[in-house]
Amino acid sequence: MKLNSSNKYRMNRAGLFLRKNVFSGRFFVRNTIIALIFATVVGTPIIVLGNNTGDKQATVEASEPVYEINISEADMIDENSLTVIKSRIDAEASVKLSSKSETLLAGTEFDFNGKFITKVSSLNIRENADENSEIVGRLFEGAYGTILGEEGEWTKISSGTVTGYVKTEYILKDKEAVKIANDYKVKIATVSEAEVRVREEGSTDSDVIYYATLNEAFPVNADLTNDQWINIRLADSTYGYISSEFVSVKEGFAEAIPVSRLEDLDRIKEDNLREKVKEEEASNSENSDNDSSYSESENTSSSDNSSSSDKSSSSSSSNEVSQDTTTEEAVNVDVSDRYLLAAIVYAESGGEPYEGQLAVANVVLNRLRTGYYGNTLSDVIYAPYQFSATSTSAFQNALTTGGSSTSLAAADAALAGTNNIGSLKNFRPTWYIDVSTIEGSYTIINNHVFF
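Residues numbered from 1 in each chain as written. Predicted model: local features only at pLDDT ≥ 70, side-chain atom pairs only at ≥ 80, totals over all residues. Heavy atoms only, no water.

Student: It is not clear to me how the packing of helix α7 (residues 354-370) against helix α10 (residues 405-416) should be interpreted in this structure. Could you clarify?
Tutor: Here α7 crosses α10 at 45°, and the two axes come no closer than 8 Å. Considering their axes alone, α7 and α10 lie oblique with respect to each other. For the crossing formed where α7 meets α10, the hand is right-handed. Contacts from Y354, Q357, L358, A361, N362 and L365 of α7 reach α10 at T406, S407, A409, A410, A411, A413, A414 and L415. Here the contact of α7 with α10 is built from residues that sort into ten nonpolar, four polar and no charged. (Axes fitted to C-alpha atoms, helices over the stretch in contact; angles between N-to-C directions. Helix = DSSP H or I, 4+ residues; strand = E, 2+ residues; numbered from the N terminus. Parallel < 35°, antiparallel > 145°, perpendicular 65-115°, else oblique. Left-handed = near helix turned anticlockwise from the far one by under 90°. Contact = heavy atoms within 4.5 Å. Nonpolar A, V, L, I, M, F, W, Y, C, P; charged D, E, K, R; others polar.)

See below:
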């Protein structure tokens, strides 16, 4: 079949228009546009949009030349694009556009062709496609990025400034990502200055909890944001405030967090905690001195020996203290959090006696009370680079069993308010730490140093 010059002209015009309005980068699509075959001939060609399970190709009827442009995934075509095409080619009376369902044309402004969205609460990015490979970053639920390739059960990705490998089962790609994209679209605050303080509260009098640098981006919590202060989610899923003067805010998706940012945040939080502990100890010491009363010794003749003994004892003493068991305010949790606490106790100290396991449970609750590591048990236990046992099979298995009767009993006692370590918030194996380097008080329970 030969086309005359008029039809050739129309075909070229229509083809150009499709490239301009469908294939153009101006119109973001949800997924790969599946083969769009266009032809214009004498007669009444029809563009058909629908779900076709057969091959995506043009079909020709023998009786009258009719070409179908069959887009089987019509929901991925931008509606505005097709509307413009329809009005243009209808005006030329050359092509009729029809659709089995107008609702199939609903589109999205984001292009997820070759992209992914994280579907789990926290996902490690590793340097190589190996579970033992170094962690180079972390993705939180809803974070997105670009797919670079696949290696078995691993997908190589790039997100923000991080490139590495993630387990494929924990991400949604292409069309599946499109389906949930709008659920995870958030406002993103991007830092516009070299260094900006992030504060615990929306006030210049509040503690600095992080130093954000140029072009760092943070998801925004709109509920706690006002004209002066933007409430942002930090790398460890806690929140802080940054001055609106030093950021730009627009809609988008969260991206990967590099390990360096997590380490910086942890370091600053540890420094802040250490300062607060020093302040509390100084305040307690001052109150103790003020409350103490002294009397002159009646046995002055024996005072020299006593003084000598006291000096000797003082010179050999350390910051180790004996912690009395106290009662704190009870922490009310649901069954899943009860087992979560018991699981981390079991995974971190399952071989320790009851007192040691009770102490570990109280480390978790003491951290929860400060709010520095998050406002829920889950936030505290899964905080980056804190409880390494969360990555072990012992922890995973204990989530449904509580680990053992001892770990469950220790968790229950701690939740009920029984505390045998005071306000201490850290612990290490005795063989791992030199107690002379500990600033502030500490106590040793079996194989762990709590400080």
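Student: Teacher, can you tell me more about the sheet that holds strand β20 (residues 427-429) here?
Tutor: Strand pairing within a sheet occurs via backbone hydrogen bonds; the two strands may be parallel or antiparallel. With antiparallel pairing, the three strands of this open sheet are ordered in space as β20-β22-β21. Two strands bound the open sheet, and with one partner strand each, they are β20 and β21 (443-445). Sheet twist, expressed as the mean angle between neighbouring strand axes with direction ignored, is 25°. Packing against the sheet, α7 makes contact with β20, β21 and β22 (448-450), and its axis sits at approximately 40° to β22. (Pairing = 2+ DSSP bridges.)

Student: When you look at the pairing of strand β10 (residues 186-191) in this model, what are you seeing that I'm missing?
Tutor: Strand residues, when the strand is regular, have side chains that alternate between the two faces of the sheet. As paired strands, β10 and strand β16 (residues 247-252) are joined by six bridges and run antiparallel to one another. In the strand pairing of β16, A189 is matched with V249. In the sheet, β10 pairs with strand β13 (residues 217-219) via three bridges, with the strands oriented antiparallel. Note that in β13 the partner of A189 across the bridge is F218.

Student: What should I look at first to understand the confidence of the model for the chain in this one?
Tutor: Atom-level detail of predicted coordinates should not be read off regions where pLDDT is low. Confidence in the prediction for the chain averages 75 pLDDT; 66% of positions are at 70 or higher. Across residues 71-76, where pLDDT falls below 50, the model places 24 contacts with residues more than four positions away in sequence or in other chains. With pLDDT under 50 throughout, residues 93-108 is counted as low confidence; its partners more than four residues away or in other chains account for 43 contacts. (pLDDT = per-residue confidence, 0-100.)

Student: How should the packing of aromatic side chains be read in this particular structure?
Tutor: Centre distance and the angle of the planes are the two values used to describe a pair of aromatic rings. The final tally for this structure, using the stated rule, is seven aromatic pairs. The interplanar angle of 65° and the centroid separation of 6.2 Å between the aromatic rings of F112 and Y144 together place this pair among those described as edge-to-face. With a gap of 32 residues between them, F112 in the loop between β2 (96-99) and β3 (115-118) and Y144 in strand β6 (residues 144-151) connect regions that are remote in the sequence. Classification of F112 by relative accessible area gives buried; the value is 1%. When the ring of Y210 is compared with that of F218, the centres are 6.4 Å apart and the planes differ by 80°; the resulting orientation is edge-to-face. Accessibility assignment for this pair places Y210 and F218 in one class, buried. Taken together, the ring pairs in this structure connect F112, Y144 and F253 into an aromatic cluster. (Phe/Tyr/Trp six-rings, centres within 6.5 Å; stacked < 30°, edge-to-face > 60°. Buried < 20%, exposed > 50% of the residue type's maximum accessible area, 1.4 Å probe, protein only.)

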